[in-house]
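Geometric and topological summary
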Amino acid sequence: MEIERSIPRREKAVWQENPEWLFESAPEAIFVFDDDLQYLEANPAACRLLRRNKEEIVGCKIGTFSEDGARLAEAIRKTPVGDGVEASHTLILPDGSVRTVEMVTRPNMLPGIHLSFSRDVTDRRLLERELEHHTRLEAAGKLASGIAHDFNNMLTAILSYADLQLQHVESGSAMQRYVLGIQAAAERAAQTTHQLLAFCRRQKMQFAETQVNDVIQQSSELIGRLIGEDIELAFDLDRGIPEVWADAGQLNQVFVNLAVNARDAMPRGGRLLFATSKRGTEEKDKRVSIFVHDTGMGIGADVLPHIFEPFFTTKEQGKGTGLGLATVYGIVKQMKGEILVSSEPGRGTTFEIALPASRAAGAWVEPVTAKAKPNNMEHRPFAE
Ligand SMILES: Nc1ncnc2c1ncn2[C@@H]1O[C@H](COP(=O)(O)OP(=O)(O)OP(=O)(O)O)[C@@H](O)[C@H]1O
Ligand SMILES: [Mg+2]
């Protein structure tokens, strides 16, 4: 026997008489607007999306609360009657923060009355970007790992043969010069291979309980010499940070690479600040954050997603190989840490390295999560 399932007639009648139930309870933001693109209605989800109450919304024009409102209004105006518009736009909330919103319109639901459905996709877009970035770096890592491994073997052979040859050439001869030339070039190549191996997290690490402040202090002399006198070197070290499980030598390499980049970003001088602080209260969440901040030229939004890729450089030929940050990334990852970057073109750049406190080492399989985000620090797509 077939059972017919439907809403009982009485309930159906009540429901049809009160269609606003749907409007009021929909989880998606629904706006009603007229031919002048003026809002006539907004459901509770729409008020939550805009963080404004209905009275503030009704009467305003579409685009009033968007950064790119004029473009949005134009897109809707140009659409032939009967076609919907799918558009994403940037919403500005009352506190000044911005959200990315996807909107679909349904024109002329009644003559001259149009609907739009909007959804906040900020977090989804961020996750997509993170995933894409992670996938790209993983692919680059696999390729680099294969190349670096093979090249290492080949370079070992070249260097060994050059060594043998040197024992059979006359001191001061042209032949000796040639072989020394081969040796020097092979050593430079070995250095590049070494950096690639660091990016692929295949460095030999000498882990130990490490006090980051001490490593910064030890690195400071070399960093001071590298950055020169026009850049002020400053420190804001939290003396209460716990130790981390790290290789001090590799950490020094990280600080040097970041400092050299900061120097290059401040050709007319500026300030380079190293700061530390602790994060997390639960034993397994405890982390040490290291901030390296410069007042340099900053990094443009088009460049930012690529800076950790091996061989990515914006420097002119001969000035940079593009392996500095790839090395930093590999070392930090091998220490089970995270690296975040925020930058404002023309104002400066801040790198944050978050390392798990050593006593939390048992929980190491868990990488540092987005919870570690400091205030106003954009979580660029480097999380795993
Ligand atoms: N502090 C910074 N300020 C501005 N741009 C930066 C900064 N750090 C890195 N960058 C950008 O990221 C790119 C990649 O940096 P990375 O250290 O990997 O390579 P590089 O400095 O160009 O070359 P290498 O480090 O191998 O000598 C740089 O070319 C630069 O465009
Ligand atoms: Mg560099």
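Residues numbered from 1 in each chain as written. Chains lettered and ligands numbered in written order. Predicted model: local features only at pLDDT ≥ 70, side-chain atom pairs only at ≥ 80, totals over all residues. Heavy atoms only, no water.

The criterion, for reference: UniProt positions are given in the numbering used here, feature names are shortened, and annotations may be inferred rather than shown by experiment.
Looking at an unreviewed UniProt entry, one finds the protein named histidine kinase and attributed to Koribacter versatilis. Here the protein is described in UniProt, under the heading Catalytic activity (unreviewed entry), as follows: "ATP + protein L-histidine = ADP + protein N-phospho-L-histidine."

1. Here we look at the pattern of salt bridges
Condition: A pair is scored as a salt bridge if a Lys or Arg side-chain nitrogen falls within 4 Å of a carboxyl oxygen belonging to Asp or Glu. Here's how the labels work: a residue is buried when its accessible area is under 20% of the maximum for its type, exposed when over 50%, partly exposed in between, all with a 1.4 Å probe on protein chains only.
A full pass over the atoms with the stated rule returns 19 salt bridges. Between E344 and R347 there is a salt bridge whose closest N-O contact spans 3.7 Å. Overall, E344 belongs to the partly exposed group, its relative accessible area being 46%. Looking at R347, the relative accessible area reads 58%, which means it is exposed. Salt bridges linked by common partners bring E102, R124, R125 and E128 together as one network.

2. A short note on the sheet that holds strand 1 (residues 29–33)
Two strands in a sheet stick together by hydrogen bonds in their backbones, pointing the same way (parallel) or opposite ways (antiparallel). Where we set the bar: Criterion used throughout: strands pair if DSSP finds at least two bridges between them. Numbering goes from the N terminus for both helices and strands, where a helix is a DSSP run of H or I of at least four residues and a strand is a run of E of at least two. With axes taken as lines fitted to C-alpha atoms, and helix axes fitted only over the stretch in contact, angles between N-to-C directions fall between 0 and 180 degrees. Should any heavy atoms of two residues lie within 4.5 Å, those residues are counted as being in contact.
With respect to topology, five strands assemble into an open sheet ordered 2-1-5-4-3, the strand pairing being antiparallel. Two strands bound the open sheet, and with one partner strand each, they are strand 2 (39–42) and strand 3 (86–92). Neighbour-to-neighbour, the strand axes of this sheet turn through a mean angle of 30°, independent of strand direction. Sitting on the sheet, helix 5 (residues 69–78) touches strand 1, strand 3 and strand 4 (98–110), and the angle it makes with strand 3 is about 155°. Packed on one face of the sheet, helix 6 (residues 122–166) meets strand 3, strand 4 and strand 5 (113–120) and runs near 125° to strand 4.

3. Details of helix 8 (residues 212–227)
What counts is decided by this rule: Fitting one axis to the seven residues ending at a residue and another to the seven starting there, the bend at that residue is the angle between the two axes.
Largest kink in helix 8: about 40°, centred on S220. Buried within helix 8 are the following residues: V212, N213, V215, I216, S219, I223 and I227. On the buried face of helix 8, the contacting elements are strand 6 (208–210), strand 7 (231–236), strand 8 (244–246), helix 9 (248–265), strand 9 (270–279) and strand 10 (287–294). Phi turns positive, to about 80°, at G228, one or two residues after helix 8.

4. So, the site of ligand 1
Selection criterion: We call a residue near a molecule or strand as soon as one heavy atom of that residue lies within 4 Å of the molecule or strand. Any pair of N or O atoms that falls within 3.5 Å is considered a polar contact. Within protein, one atom must be able to donate a hydrogen and the other to accept it, and sequence-neighbouring residues count only if both atoms are side-chain atoms. All accessible areas in this document rest on Shrake-Rupley with a 1.4 Å probe, and a residue is counted as covered only by the protein chains that are shown. All residues other than Ala, Val, Leu, Ile, Met, Phe, Trp, Tyr, Cys, Pro, Asp, Glu, Lys and Arg, Gly among them, are scored as polar; the first ten of these are nonpolar and the last four charged.
Around ligand 1 sit 18 residues, and of these N261, T313, T314, K315 and T321 come closest. G324 places a main-chain nitrogen or oxygen 3.2 Å from an oxygen atom of ligand 1. Against a free-state accessible area of 600 Å², the protein chains account for coverage of 89% of ligand 1. Of all the secondary structure elements, the ones that give two or more residues to the shell around ligand 1 are helix 9 and helix 10 (324–334). With three residues, helix 9 is the single largest residue contributor to the shell around ligand 1. When grouped by side-chain class, the residues that make up the shell around ligand 1 number seven nonpolar, nine polar and two charged.

5. A closer look at the domain arrangement of the protein
Stated precisely, the cut-off is as follows: The split into domains, and so the bounds of each, comes from an automatic or database assignment of domains. Joining two parts hides part of their accessible area as seen by a 1.4 Å probe, and the buried area is that hidden amount summed over both.
Per the domain assignment, the segments making up the protein are domain 1 (9–120), domain 2 (125–199) and domain 3 (208–372). Each side of the interface is counted separately: domain 2 has nine residues, and domain 3 has 12 residues. Surface buried jointly by domain 2 and domain 3 totals about 1000 Å² across both partners, of which 67% is contributed by carbon and sulfur atoms. For the domain 2 face of the interface with domain 3, the top three residues by lost area are L137, Q195 and F199, together amounting to 45%. The interface formed by domain 2 and domain 3 includes one salt bridge. A salt bridge links R136 to E309, with the shortest nitrogen-to-oxygen separation between them at 2.7 Å. On the surface where domain 2 and domain 3 come into contact, there are three residue pairs in polar contact (both at pLDDT 80 or more). Of all elements in the fold, only helix 6 and helix 7 (174–199) reach the threshold of two or more residues within the side of domain 2 that touches domain 3.

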